[in-house]
Amino acid sequence: MPALTATLSKVGNCLHPVRLVGQSETVDLRTGEIVETYRSGNEPMGLLYKPCGNRRADVCPPCSRIYARDTFELISTGLHGGKGVPVTVNTNPLLFVTLTAPSFGPVHAVRDGRQPCHPRTRLAMCPHGRRLTCWTRHDVLDPRVGAPLCRDCYDTESAVVWQWHAPELWRRFTIAMRRQLAVELGVRDVDLKRHVRVEYAKVAEFQTRGLVHFHALVRIDGPDGPGSPAQVTAAALENVVRQAAVAAHCPALPLDESDVARTLRFGAQTDVRVVRDRSVAGDEITAEQVAAYLAKYSTKSAGVEPGHALPHLVWLSESCRALAARALAGCPFGCGKRVGDRRPRLCGDCAGHPYALLGRWASMLGFRGHFSTKSRHYSVTLGALRRARRRFQGMAVEARSRATALDARELEERLMAEAAETTLVIGSWVYDGSGWPRAGDKALADAAASRARAYARWRAEQRTTQPA
Ligand SMILES: [Zn+2]
Ligand SMILES: [Zn+2]
Ligand SMILES: [Zn+2]
Ligand SMILES: [Zn+2]
């Protein structure tokens, strides 16, 4: 196999692999013996290539697909069990919850049934002389969708401050949910664990107006953890979630002296759907649809990449930088001028300012949270899935080199086994750079990735068109 082909297949056609130079030794912990020495110089291309592992489809399609697949596994094992999660989790009530950002002013929107965007019979004008009407029937691809009708009327400060605190608001929602559940069951907060456990997996998704929504699967387990029977119905849990969504709030400090303190909350459009009540499936959506939906959105980006950036998102991103600069404007050391830097050098006072890093997160429109997270006992972790994949690759390579078939017995148990490692890997590595060293190699990686994609599509079509 040519060196490049072999390396491409090892990194799964990653577009920007990390290059490493060095060596590692595998030591048997029982005997202290070096059982294997690995040198990057022995690799086909003379360096060790590692996939970039980027989540975003616009950065690295092959790595983002692995991320989406892992996210799908993570969510679906929490739905059906498997990979070490008891299968009885599929008898516990499960909800699909969407929490939105509040409104910060009217924006162009797609209306159900292709209705006009903001129809008003009278000529309504804002104080800035802009019309507050829009008779366009927007479709989803219209770049105006999500843009404010008037940027000057839109409460940009509050929108950015909300997004900056969104992860904290979510955290407070989960606390409110547990508290509300304790009220529902008539027990004290501290005793709740002895009755039920709430587990969730959530993803953040950017809406067209540039603010995140949270989508979450919320499952209720009994006191003995995943899969133990819970004495709460889906309807009761729905009630708890709705009340927690209203109750959750988070204080936000003013940006500067001319600004106001805010109390941030979720928007009114909380959506709660029953996916499953005990073992009875809800009729609106299936668990698979939810898992696929969540996995898909975990790879979306904010939509401000150069090239195909939407004007209103570029403007929101610039607003993050401007507001960070405004927050630090009073600094005698000029920190306010550096807020847009990748690693801004800030004085002690500014480093402790709550909005000091807002400029650094401008490309994520001020959202600094994780795109997919879960509570500890929801299901497996991404780390465990990655470890399992590495083990599988190791086993496959070994089987190939011995020209034997991969031993499939208890494969899943072996792959997902918690690290009871008997060997230790000691390595010394130097970062050589990232990406493919020659421009032509990147083109080949691109081509290989799109071939793999076409093949996967073809396989999927075969599966759906073939009679069962
Ligand atoms: Zn990659
Ligand atoms: Zn409109
Ligand atoms: Zn206006
Ligand atoms: Zn400063």
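Residues numbered from 1 in each chain as written. Chains lettered and ligands numbered in written order. Predicted model: local features only at pLDDT ≥ 70, side-chain atom pairs only at ≥ 80, totals over all residues. Heavy atoms only, no water.

Details of the overall build of the protein
Each helix and strand counted, the protein has 10 helices and 12 strands in total. For the protein, the residues scored as buried account for 45% of the 468 residues in total. (Helix = DSSP H or I, 4+ residues; strand = E, 2+ residues; numbered from the N terminus. Buried < 20%, exposed > 50% of the residue type's maximum accessible area, 1.4 Å probe, protein only.)

Quick word on the coordination of the zinc ion (ligand 3)
In an ideal octahedron of six donors the angles at the metal are 90 or 180 degrees, and in an ideal tetrahedron of four donors they are 109.5 degrees. Distances from the zinc ion (ligand 3) to its protein donors, Cys126 (SG), His128 (ND1), Cys150 (SG) and Cys153 (SG), fall within 2.0 to 2.3 Å. The coordination sphere of the zinc ion (ligand 3) comprises 4 donor atoms, whose angles at the metal cover 103 to 115°; the geometry is tetrahedral. Here the donor residues of the zinc ion (ligand 3) are spaced in sequence according to C-x1-H-x21-C-x2-C. A relative accessible area of 6% places Cys126 in the buried class. You can call His128 partly exposed: its relative accessible area is 40%. (Donors = N, O, S within 2.8 Å, 3.2 Å for Na, K, Ca; no water. Tetrahedral: all angles 85-135°; square planar, octahedral: opposite > 155°, others 65-115°.)

With respect to the nonpolar core
Within the largest apolar cluster, 68 residues are counted, with the highest numbers of intra-cluster contacts made by Trp162, Phe173 and Phe214. When residues of this core are assigned to their parent elements, the largest contribution, 13 residues, is made by helix α3 (residues 156–185). In this view, Trp162 contacts Thr100, Ala101, Pro102, Phe104, Leu169, Val212, Leu264, Arg265 and Phe266; residues no more than four positions away in its chain are not counted. In terms of nonpolar packing, the next biggest core, distinct from the first, is built from 19 residues, Ala201, Leu294, Leu382 and Leu385 among them. (Core = buried A, V, L, I, M, F, W, Y, C linked by side-chain atoms within 4.5 Å. Contact = heavy atoms within 4.5 Å.)

Digging into the coordination of the zinc ion (ligand 2)
Distances from the zinc ion (ligand 2) to its protein donors, His108 (ND1), Cys117 (SG), Cys134 (SG) and His138 (NE2), fall within 1.9 to 2.4 Å. The site at the zinc ion (ligand 2) holds 4 donor atoms, and with the angles between them running 105 to 114°, its shape is tetrahedral. Here the donor residues for the zinc ion (ligand 2) map to a single chain with the spacing H-x8-C-x16-C-x3-H. Given a relative accessible area of 1%, Cys117 falls into the buried group.

Considerations on helix α6 (residues 311–327)
With 17 residues, α6 extends 24 Å between its outermost C-alpha atoms, agreeing within 8% with the 24 Å of an ideal straight helix rising 1.5 Å per residue. Looking only at α6, the buried set comprises His312, Leu313, Trp315, Leu316, Ser317, Ser319, Cys320, Leu323, Ala324 and Ala327. Contacts from the buried residues of α6 go to α3. (Expected span 1.5 Å × (residues − 1).)

Looking at the pattern of salt bridges
Between side chains of opposite charge, a pair can form as their charged atoms come close. All told, the structure shown has 15 salt bridges when counted by the stated rule. One network of salt bridges, with partners in common, ties together Glu157, Asp256 and Arg326. (Salt bridge = Lys/Arg side-chain N within 4 Å of Asp/Glu carboxyl O.)

Structural notes on the packing of aromatic side chains
Considering all chains together, one arrives at 10 aromatic pairs under this definition. Here the aromatic rings of Trp170 and Phe214 are separated by 5.5 Å at their centres, their planes lie at 55°, and the arrangement is tilted. With Trp170 in helix α3 and Phe214 in strand β6 (residues 212–221), the pair connects residues that are 44 residues apart, well separated along the chain. You can call Trp170 buried: its relative accessible area is 5%. When the centroid spacing of 6.3 Å and the interplanar angle of 85° are considered together, the rings of Phe206 and Phe367 count as edge-to-face. (Phe/Tyr/Trp six-rings, centres within 6.5 Å; stacked < 30°, edge-to-face > 60°.)

Section: a positive patch on the surface
A contiguous patch of positive charge on the surface is contributed by Arg65, Arg69, Arg453 and Arg457. Of all the elements in the fold, those that place two or more residues in the positive patch are α2 (61–80) and α10 (439–465). Its location among the elements puts Arg65 in helix α2. (Patch = residues over 30% accessible without salt bridge, like charges linked within 9 Å, V, L, I, M, F, W, Y side chains within 5 Å. Areas by Shrake-Rupley, 256 points an atom, 1.4 Å probe, with all protein chains shown as cover. Lys, Arg positive; Asp, Glu negative; His and termini not counted. Charge placed at Lys NZ, Arg CZ, Asp CG, Glu CD.)

What to know about the environment of Cys117
Note that Cys117 resides in the loop between β4 (94–99) and α3. A sequence separation of 10 residues divides Cys117 from Val107, and the C-alpha atoms of the two residues are 8.8 Å apart. Excluding residues that lie within four positions of it along the chain, Cys117 makes contacts with Val107, His108, Ala109, Arg111, Cys134, Trp135, Thr136 and His138.

Side note on α2
Compared with an ideal rise of 1.5 Å per residue, which puts 20 residues at 28 Å, α2 spans 28 Å between its outermost C-alpha atoms and is within 8% of the ideal. Once α2 finishes, Gly81 follows within two positions and takes phi at roughly 85°, a positive value.

Points about unusual backbone geometry
You will see that Asn13, though not glycine, has its phi angle at about 60°, which is positive. Along the chain, Asn13 falls in the loop between α1 (3–10) and β1 (18–28). What makes Asn13 buried here is its relative accessible area of 14%. Although it is not a glycine, Leu365 sits at a positive phi angle of roughly 55°. Locating Leu365 in the fold gives a position in the loop between α7 (348–351) and β11 (372–374).

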